[in-house]
Structure formats: C-alpha cells, structure tokens
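The chain contents come next:
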Amino acid sequence: MAVEELQSIIMRCQILEEQDFKEEDFGLFQLAGQRCIDEGHIEQLLEIIQNEKNKVIIKNMGWNLVGPVVRCLLWNKDDEKRKYYFLMLDLLVKLCNPKELLLGLLELIEEPSGKQISQIILLLLQPLQTVIQKLHNNKAYSVGLALSTLWSQLSLLPVPYSEEQIQTDDYGLCQCCKALIEFTKPFVEEVINDKENSLENENEKLKDELLKFCFKSLKCPLLTAQFFEQSKEAGNDPLRCFASEIIGFLSAVGHPFPKMIFNHGRKKRTWDYLEFEEEEDKQLADSMASLAYLVFVQGISIDQLPMVLSPSYLLQFNMGHIEVFLQRTEESVFSKGVDLLENGLLRIEDNSLLHQYLEIKSFLTVPQGLVKVMTLCPIETLRKKSLAMLQLYINKLDSQGKYTLFRCLLNTSNHSGVEAFIIQNIKNQIDVSLKRTHNKWFTGPQLISLLDLVLFLPEGAETDLLQNSDRIMASLNLLRYLVIKDNEKDNQTGLWTELGKIENNFLKPLHTGLNMSKAHYEAEIKNSQENSQEVQKSKDLCSVTVGGEEIPNMPPEMQLKVLHSALFTFDLIESVLARVEELIEIKTKSTPEENIGIK
C-alpha cells in the first residue's frame, strides 16, 4: 500500500517541470517514503530511488528521506537491513540537492543528546563531507556552518580525565575527535593547494573558518583534556593526537607557527586577518593558553620555535597564559597553569629574574593565583605543588623582586599559613644578607618597612590569636632570630632602632590578647565540664561559643579536646614570646662579648 502510494505521487510529479513542484508534493512524498521505510519495503524504495526517470524528483524531494533512514541506522541492529539503509543513504547523498542535504544533515546532528551525540556524528561525518565537496559556491560558509555545528555538539560531551576513561571512551568523544580530523583534512589541503588560486577571497574565507574551528578545539576539548606521558607511544593517547593534528592545521593554514603563537595579545596582531566576534575573541585567550601548554609542556610542535629565545622572554610570554589558567576553577585547567609555570621557571637561574618584570600585571597576579590554589584546592597534591611553585618563583627573583613580592602577598593573601610562609622566606633572605653579602632590601630602612607588615597584630589585642597563630608564631621566630643575630651595636637590620615601636605594636598587644584568650577558653572549658554530666544523661550533643562563633555540635569529649588544643596553642605562643622578651633584655644589658653563643 505504501509503495503504491509513493509510486502514484511520483507518476504525478514526473509530468511536471521542476519549478512546478508544490509544497504539498514534498509533504506527500515524505509521508509515503516514511511509510515505506516503516513497513520494511526497503528494496522497492531503493528501486524507485535508482530509477533514472525519477532523477529530478529524488534530487528535489529525496533529502526528506535522509532523517528516517538515519534513525533506522541508529536503532536497527539487523546487519542485513543496515546494509540496505547504508546503500540508501549513499544514494540520497549522491542524488539529492546538496544545499538541502547539508541543512538536513546538520539538523540531524543537532537533534540528539548524551551518548547519541557521538553515534550520529560518526555516522554522518562522511556523508556531510561528500555533500560539502559538491557545493562549489559559498563553500567556506558551508564548512564553517558544519564545523560550528559539530563543535557545539562535541562541547556537550564530558571530557575523559583518566587513562581508563580514555580507553573506554563511553561518550565517544575520542572517536569523534579522530573522525573530525579526517573530516577537516580535505578542506585544509584545499587551502594549502589553492593559495595562489584566482578565488583568493573565497580561499581566505575558508582559511578563517578552519582557524576558528582550530581555536575552538584548543578550548574544547583540549583546554580541560588530560595528557598522560606514561603512554608508551603517542598514538595511544587520542586526545594528544587530536591536539597534534589541530596544531598542524594551524601551522598549515595560518601564518608561520612562531609568528602566530608569539603575537597574540599584542596591540597590533600580525595575523589580524582572522576576524573573531566579540564573544569568540574572549574565548581566544583560553585557546592561546591551551596552545602554549601543548607546545611548551607537552612539546607538541616545539621544534618549530626558534631556539635562541631567552628563558626570561619565554616566561614573560607564558605568564599571561598562566594567569588565564589560574583564573579557572576546574582542577584539570588550573593544574595546567601550575605545570606551565614550572616549565618556565626551571629554565631560569636562581636570583636572576629582574624585579622590573613585576611591573607586568601577570607577574603579581600569578603568585596570587597560586595562593588561591594552595588555600582553596581540595586536592592535596595540587596544593603542595602550588606551594612548591611559589617557592621556586621566589627563588628565581632578584632581591628587590623578592622584596616587592613579599609586600604584595602579605597585603593580599589574608591567610595565616601563607603569611607564615612568606615570613619564613623573609627570615631566609635576612640570613643570606647577614652571612654573605650586604643586601639593602633585607637590612636597614627597607627591612624595617617590611617588618612593619609582619610585627604587628591586625586588630591589636582583639585579634583572633587562634586564627592567626601560624602568622604570629612565624613573626615571633623571626623576631627571635633578629635579636640573636643582630647586635645592638651593629644594628645591621635596624631592629634596635625600632624596638620601642615593635613592643608597642606587637609584643604588648600580644600579651594582652593572650591573657584575654586564655581566660575565655579556660572559662569555656569549665562550663563544658560542668555541663557534661547533664549532656551524658540526655545523650545529646552540645555546642560551645568561642570568639563569637559557635563550635559545631559535637560530643562533649571532642569539644573539650578542641578547647584544650586552643589553650596549648596559646601556651606555645606565650613561651616563644617570653623567650623573645628574655633575649631582648639580655641583649640590651650585655656587652657584645657576652652576646656570643646566645640562642
């Protein structure tokens, strides 16, 4: 019945001229063809499509059958039937109007979600490539539309982050990336071969569309993709292969690779023929950061870069990209920033990075970004690596650079542990200056200015000593070191000139704060012990307010443990404070000879 109905429609249309086909004819043809497929009349439908008399009808109306055929291929697992469906799809691609087919195929690609995205992309990439190759007018537009649609769908797929996930490739992203490279290659080759073609304008447009796709791919999936060096062969990592091919496309259709990679971000780009829309231009920073990581950390195409570039120039070039990475919240992304920073710093000798570089914004924002990773990242290995990179960065700076960075981080970190780390570094630099060569940045007036940020309590005696205990202990240890190493007579550090200010701004408020804090916590311990019997009877949890904040509900034994731990911290601070004041008293009353051996 469905076949007869379709043949009736075709016989009526055979006597009409192409321009006389009505919208009603298209609808009836589609419905009848759909019914033929649904009822399994595949061989009869194939005969109709292959009939030379129906050539004009199939050219104009046949594209409507592509959707039903594709859906049958996706859902039907019968190999015998699939053979006929593939043959029908090939015939329709060969015979139908390519413009209508292009739009129909792209609509089909946009339809699915989840794991079906990769299935339909893998199915339709070859037909899509064939259709575009048949379009001679506005090919660049067609390629751009196809690549944009494909990329939009691929960007919805989760990027695998472990070797196991890459191997299983549950969502098919890795397979799609490989297939997408094969889809794009003919168009890249066309640009390369037609560089001196008379259709120069069309060639430039195609080049731009390919470059847009490459830069989009650098952002997704390559910005978040993980690469595993332990793979025995590069071919084992499909995402690394995809990255290598994308960079190869950039080199082939763009300007020379070094020119492209080193000119992004300049006020006047030397490759400004690539016109991005505003939103795409914002995304370009992510893409260029991804490219820098792939080249400098993964070593992809690094042999194309000149070998004469200085380590400090390479670090300066990459600092902006590192800043982009560290601004992101995804662990797979900001970890690349840490790796890229390590790659740049390891090329530079200690104490050789000039302080003038800190006048460049990224040279201060990058260490601040490291601090965020150190304090907020839930992954311990990344926190530790960020701490190691911050220390490495400090080691590379010259003395004035270290001094400037210390001031910046003391003012911006707002984290007691980080401030303690910086104070320890200040102590190390003072030690080097006193033992080896005199350094004006860590002795005398410059040091005193820095110590003003260290030897004080932010809120005086009201400062939360428990919250700031790391910083306070580091400050006391630094002060203890200065008192021991610098005699009042020599006063190389300027400490003894400023001792009165230090006592008023730091030591005395600390005494007062310790007394207040200890009294408060001792009272809380007493209250907790008095209430513990009632709590035990009711078997309920209790809460205690400390420093204006309520300790979360927990068993009384645990709360007592927390309170006693706080008291222990105060006792520790008090003991170091007492030792510092004892040393100051000894030093101010003793002769230089008597000071020898004081610890």
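Residues numbered from 1 in each chain as written. Predicted model: local features only at pLDDT ≥ 70, side-chain atom pairs only at ≥ 80, totals over all residues. Heavy atoms only, no water.

- The name given to the chain in an unreviewed UniProt entry is Glomulin, with Neovison vison as the source organism.

### Let's talk about unusual backbone geometry
Across the chain, the bulk of peptide bonds are trans and the bulk of non-glycine residues have phi less than zero.
Okay, so step 1: Backbone torsion omega between Cys220 and Pro221 reads 15 degrees, so that peptide bond is classified as cis.
Okay, so step 2: Here Pro221 shows up in the loop between α12 (200–219) and α13 (238–253).
Okay, so step 3: Positive phi, close to 65 degrees, is recorded for Ser301, a residue that is not glycine.
Okay, so step 4: By the element assignment, Ser301 lies in the loop between α15 (278–296) and α16 (311–327).
Okay, so step 5: Its identity is not glycine, yet Asn491 carries a phi of approximately 50 degrees, on the positive side. (Helix = DSSP H or I, 4+ residues; strand = E, 2+ residues; numbered from the N terminus.)

### Thoughts on the pattern of salt bridges
Side chains that differ in sign of charge can pair as their charged atoms come close.
Okay, so step 1: If you walk through the whole model with that rule in mind, you get 21 salt bridges.
Okay, so step 2: Residues Asp350 and Lys396 are paired through a salt bridge, measuring 2.9 Å at the closest nitrogen-oxygen approach. Taken together, the residues Asp350 in the loop between α17 (331–345) and α18 (362–376) and Lys396 in helix α19 (residues 380–396) connect sequence positions 46 residues apart.
Okay, so step 3: For Lys396, a relative accessible area of 7% translates into the label buried.
Okay, so step 4: Glu585 is the partner of Lys589 in a salt bridge, and the nearest nitrogen-oxygen pair spans 3.2 Å. With a gap of four residues between them, Lys589 and Glu585 both fall in helix α25 (residues 556–589), about one helical turn apart.
Okay, so step 5: On the accessibility criterion, Lys589 (65% relative accessible area) is exposed. (Salt bridge = Lys/Arg side-chain N within 4 Å of Asp/Glu carboxyl O. Buried < 20%, exposed > 50% of the residue type's maximum accessible area, 1.4 Å probe, protein only.)

### Overview of the packing of α19 against helix α20 (residues 399–412)
Okay, so step 1: Where α19 meets α20, the axes come as close as 9 Å, and the angle between the chain directions of the two elements is 140 degrees. Here α20 runs oblique to α19, going by the angle between their axes. Judged by residue contacts, Leu390, Tyr393, Ile394 and Asn395 of α19 engage Lys402, Leu405, Phe406 and Leu409 from α20.
Okay, so step 2: For the contact of α19 with α20, the class distribution of residues is six nonpolar, one polar and one charged. (Axes fitted to C-alpha atoms, helices over the stretch in contact; angles between N-to-C directions. Parallel < 35°, antiparallel > 145°, perpendicular 65-115°, else oblique. Contact = heavy atoms within 4.5 Å. Nonpolar A, V, L, I, M, F, W, Y, C, P; charged D, E, K, R; others polar.)

### Quick notes on the packing of aromatic side chains
Okay, so step 1: Taken as a whole and judged by the stated rule, the model has nine aromatic pairs.
Okay, so step 2: Arranged with centres 5.6 Å apart and planes meeting at 65 degrees, the rings of Phe183 and Phe187 form a pair that is edge-to-face. Here Phe183 pairs with Phe187, and both are found in helix α11 (residues 173–193), just four residues apart, close to one helical turn. Each member of the pair Phe183 and Phe187 is classed as buried.
Okay, so step 3: Between Tyr403 and Phe442, the aromatic rings sit 6.1 Å apart at their centres with planes inclined by 75 degrees, giving edge-to-face as the arrangement. Of this pair, Tyr403 sits in helix α20 while Phe442 sits in the loop between α21 (416–435) and α22 (444–451); the two residues are 39 residues apart in sequence, bridging distant segments of the chain.
Okay, so step 4: A relative accessible area of 5% means that Tyr403 is categorised as buried.
Okay, so step 5: Note on Phe442: relative accessible area 0%, which makes it buried.
Okay, so step 6: The ring of Tyr84 carries the charged tip of Lys83 above its face, separated from the ring centre by 5.6 Å.
Okay, so step 7: One cation-aromatic arrangement involves Lys427 over Tyr481; the distance from NZ or CZ to the ring centre is 4.9 Å. (Phe/Tyr/Trp six-rings, centres within 6.5 Å; stacked < 30°, edge-to-face > 60°. Lys NZ or Arg CZ within 6 Å of the ring centre and 35° of its normal.)

### Topic: helix α8 (residues 116–134)
Okay, so step 1: Between its terminal C-alpha atoms α8 stretches 27 Å, which fits the 27 Å expected from 19 residues at 1.5 Å a residue.
Okay, so step 2: Helix geometry: α8 is bent most strongly at Leu124, by close to 40 degrees, with proline Pro127 lying one to four residues after it.
Okay, so step 3: The elements touched by buried residues of α8 are α5 (66–75), α6 (79–95), α7 (98–110), α9 (139–154) and α11. (Expected span 1.5 Å × (residues − 1). Bend = angle between axes of the 7 residues up to and from the residue.)

### Quick notes on the environment of Cys176
Okay, so step 1: Its place among the elements puts Cys176 in helix α11.
Okay, so step 2: Apart from residues no more than four positions distant in its own chain, Cys176 is found in contact with Ser118, Ile121, Leu122 and Leu154.

### Some points on the nonpolar core
Okay, so step 1: Within the largest apolar cluster, 181 residues are counted, with the highest numbers of intra-cluster contacts made by Leu128, Phe183, Phe296, Ile426, Leu476 and Leu510.
Okay, so step 2: With eleven residues, α25 is the largest single contributor of residues to this core.
Okay, so step 3: Discounting chain neighbours no more than four positions away, the residues touching Leu128 are Leu102, Leu105, Leu106, Ile109, Ala146, Leu150 and Phe183. (Core = buried A, V, L, I, M, F, W, Y, C linked by side-chain atoms within 4.5 Å.)

### Some details on the environment of Glu182
Okay, so step 1: Residue placement: Glu182 occurs in helix α11.
Okay, so step 2: Along the primary structure Glu182 and Gln126 are separated by 56 residues, whereas in three dimensions their C-alpha atoms are 9.0 Å apart.

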